[in-house]
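Coordinate analysis (summary)
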Amino acid sequence: MLKRISHVNSIDVTSITFSSFLQIGDSKEIDAYSRALAVQREETIFHGKEGRFKDYDVFSIPLFLPPLDEEIISVTNNQKNHIHVGELKIIGLSSSSIAHIGNNERLYAEARIKHIRHITPNI
Amino acid sequence: MIFEVTNHDLCVGKINILGVSSSSLVLVGDTNSIQLVSAFDTPPESLIIGPLVPLAPGG
């Protein structure tokens, strides 16, 4: 795999959360995986140890991906191999997302999120 | 499939993105294989209207 040299003048990234990352430069293989229980409540009381992933099937259903079995003959001639980025500005990277300036060989990212809304009626 | 690539310098002036979320990718560069998958679930029963009862305690 071709190696590239990455030059980035200015980076302004505000938040990187939940197994996301910012990569400047080459990488070989990336696996990012995240599971989240997104609970929004009218009364913002949370007990910290709540919720079990096995209670919800969104965390266990198989996710089918197209197989990577296509026969590709790739011919690359590398005249120059620099990457120049003037300015990179990202406010948020979340739940196994990747900002990557540089080369990579194989990349796999998976995110599973269960949203729950809890409204307490005013009696 | 025959895929021929001639690589020169790769120059990007400015990238301005609000958010990159749930297994998404911003790539400036080459790659061989990318597999991104995400699943999220908001069926009707995930809307709970009732007194505050915490979820079952986690492991």
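Report follows, based on the coordinates. Nothing here was measured: the structure is a model prediction, and the numbers come from that model.

1. A few points about the sheet that holds strand β1 (residues 5–16) of chain A
The strand order across the open sheet formed by three strands is β1(A)-β5(A)-β2(B), and the pairing between neighbours is parallel. Looking at which strands have only one partner, the edges of the open sheet turn out to be β1 of chain A together with β2 (10–21) of chain B. Along the sheet, successive strands turn relative to each other by an average axial angle of 10°, direction set aside. In this sheet, strand β5 (residues 82–94) of chain A lies alongside β1 of chain A in parallel orientation, the contact comprising 10 bridges.

2. Some words on the pattern of salt bridges
Residue and element names in this part refer to chain A. Under the definition given, this model contains eight salt bridges over all chains. Residue E50 is joined to R41 by a salt bridge in which the shortest nitrogen-to-oxygen separation is 2.7 Å. Overall, the relative accessible area of 17% leaves E50 in the buried class. Given the relative accessible area of 8%, R41 is considered buried. Of the charged contacts in the structure, one is a salt bridge between R112 and E110, with a shortest N-O distance of 2.5 Å. Residue R112 is classed as buried on the basis of its relative accessible area of 6%. A single network of salt bridges, built from pairs that share partners, joins E29, D31 and R106.

Rules used throughout
Residues numbered from 1 in each chain as written. Chains lettered and ligands numbered in written order. Predicted model: local features only at pLDDT ≥ 70, side-chain atom pairs only at ≥ 80, totals over all residues. Heavy atoms only, no water. Pairing = 2+ DSSP bridges. Helix = DSSP H or I, 4+ residues; strand = E, 2+ residues; numbered from the N terminus. Axes fitted to C-alpha atoms, helices over the stretch in contact; angles between N-to-C directions. Salt bridge = Lys/Arg side-chain N within 4 Å of Asp/Glu carboxyl O. Buried < 20%, exposed > 50% of the residue type's maximum accessible area, 1.4 Å probe, protein only.

By themselves these figures say nothing about function.
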